[in-house]
Amino acid sequence: MDALRAAVGAWSRGEGDGPARELVGRLGVRTAVLLEGPSDVAAVGAVAALHGRDLAAEGVCVLSMGGAMNVGRFARLLGPPGLGLRLTGLCDEREQPYYARGLERAGAPQDGVFVCAADLEDELIRALGPPRVTELIRAEGDHRPLRTFLNQPAQRGRTAQQQLRRFLGTKKGRKIHYGRVLAEALVPTRVPAPLNGLLTTL
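All of these numbers come straight from a predicted model, not from anything done at the bench.

**Student:** Tell me about the overall build of the protein chain, residues and numbers included.
**Tutor:** Check the secondary structure of the protein chain and you find 11 helices and four strands. Since a compact globule built from 202 residues should have a radius of gyration of about 17 Å, the 18 Å found for the protein chain is in line with a globular shape. With the C-alpha coordinates aligned to their principal axes, the bounding extent of the protein chain is approximately 50 × 35 × 30 Å. When burial is assessed residue by residue, the protein chain has 50% of its 202 residues classed as buried. The contacts of the protein chain with a sequence gap of at least 6 include a subset with a gap of at least 24, amounting to 73%. Of the roughly 9,800 Å² that the protein chain leaves accessible, carbon and sulfur atoms contribute 50%. For the protein chain, the distance from the average site of its 27 positive side-chain charges to the average site of its 21 negative ones is 5 Å.

Written out as structure tokens, the structure is:
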């Protein structure tokens, strides 16, 4: 599936559709999950594993588009005008218009796209609760950077939820890492509604 993701990325940059078409047929891919970035991919994969799901074996390709503004291009390549795959996705609330326009222009249904209230990190922090998220950050060895961050004047007056969400985005790679860590810490009955809805449709 990694090879397919790479082939789709190359195709989106104008390098031709041959490898992607061949891999879709060979792997039996039926559905593409369009996600904004790699932190979302990490979280979806972790929650699928939590439920005992092997999405690749089920013919589902979960991929990062490198930003919601690329959804139109990916929908054309993978949806009805291109490979004819069923399209689903997960997006931040502010990015929903990009998904709506991109899927509409590709002639793809929009009922398989699930919207996070702010973003996926916000949903995960709310599901776990700030105290549990703080425990996980400590366990990952990031307690000192978190303490330094919380002492910044800009963080005064913000809620713990807002502070933690901002902290996860302050260092390159941190959102990807904690997308997986927070998702793995969930219990099946506490999976955020957008993630649960996405997995239920797959």
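On we go.
**Student:** Lay out the pattern of salt bridges with the relevant residues and their values.
**Tutor:** One pass over the full model with this rule turns up 13 salt bridges. As a salt-bridge pair, Arg 13 and Glu 15 come within 3.7 Å of each other at their nearest N and O atoms. Relative accessible area serves as the criterion here: at 59%, Arg 13 is assigned to the exposed category. Residue class for Glu 15 comes out exposed when judged on its relative accessible area of 55%.

**Student:** How would you explain the nonpolar core if you had to name every residue and give the values?
**Tutor:** Residues Val 44, Leu 90, Leu 182 and Leu 195 are the most contacted members of the largest nonpolar core, which totals 36 residues. If we skip the residues at most four places from it in the chain, Leu 195 touches Val 44, Val 47, Leu 90, Leu 120 and Leu 124. Of all hydrophobic cores here, the second largest spans 28 residues; its members include Ala 68, Ala 75, Leu 83 and Leu 85.

**Student:** Break down the pairing of strand 3 (residues 86-92) for me, with residues and values.
**Tutor:** Of all seven residues in strand 3, six are buried; the element is thus mostly enclosed. Alignment of strand 1 (residues 31-35) against strand 3, held across five bridges, turns out to be parallel. When the sheet's bridge partners are listed, Ala 32 is paired in strand 3 with Leu 87. Alignment of strand 3 against strand 4 (residues 113-116), held across four bridges, turns out to be parallel. By the bridge assignment, Gly 89 is partnered in strand 4 with Val 113. Chirality of the crossover, the property in question, places the unit of strand 3, helix 5 (residues 96-105) and strand 4 among those that are right-handed.

**Student:** Which residues make up helix 3 (residues 38-50), and what values do they have?
**Tutor:** Its 13 residues give helix 3 an end-to-end C-alpha distance of 18 Å, which sits within 8% of 18 Å, the value for a rise of 1.5 Å per residue. Considered for burial, the residues of helix 3 that qualify are Ser 39, Asp 40, Ala 42, Ala 43, Val 44, Ala 46, Val 47 and Ala 48. In this structure, the buried side of helix 3 is in contact with strand 1, strand 2 (60-64), strand 3, helix 6 (120-128), helix 10 (174-184) and helix 11 (193-201). Residue Gly 52 follows helix 3 closely and has a positive phi angle near 75°.

**Student:** Can you tell me about the side chain of Asp 40, naming the residues and giving the values?
**Tutor:** Position of Asp 40 among the secondary structure elements: in helix 3. Each residue touching Asp 40, except ones within four places of it in the same chain, is listed here: Leu 35 and Leu 120.

**Student:** Could you give me a rundown of the pairing of strand 2, with the residues and numbers involved?
**Tutor:** In regular strands, side chains alternate between the two faces of the sheet. Of all five residues in strand 2, four are buried; the element is thus mostly enclosed. Note: strand 1 against strand 2, five bridges, orientation parallel. The residue bridging Val 33 from the neighbouring strand is Val 62, located in strand 2. What joins strand 1 to strand 2 is helix 3, and the crossover it makes is right-handed.

What counts as what
Residues numbered from 1 in each chain as written. Predicted model: local features only at pLDDT ≥ 70, side-chain atom pairs only at ≥ 80, totals over all residues. Heavy atoms only, no water. Helix = DSSP H or I, 4+ residues; strand = E, 2+ residues; numbered from the N terminus. Rg over C-alpha atoms; globule rule 2.2 N^0.38 Å. Buried < 20%, exposed > 50% of the residue type's maximum accessible area, 1.4 Å probe, protein only. Contact = heavy atoms within 4.5 Å. Areas by Shrake-Rupley, 256 points an atom, 1.4 Å probe, with all protein chains shown as cover. Lys, Arg positive; Asp, Glu negative; His and termini not counted. Charge placed at Lys NZ, Arg CZ, Asp CG, Glu CD. Salt bridge = Lys/Arg side-chain N within 4 Å of Asp/Glu carboxyl O. Core = buried A, V, L, I, M, F, W, Y, C linked by side-chain atoms within 4.5 Å. Pairing = 2+ DSSP bridges. Right-handed = clockwise from strand over helix to strand, strands pointing away. Expected span 1.5 Å × (residues − 1).

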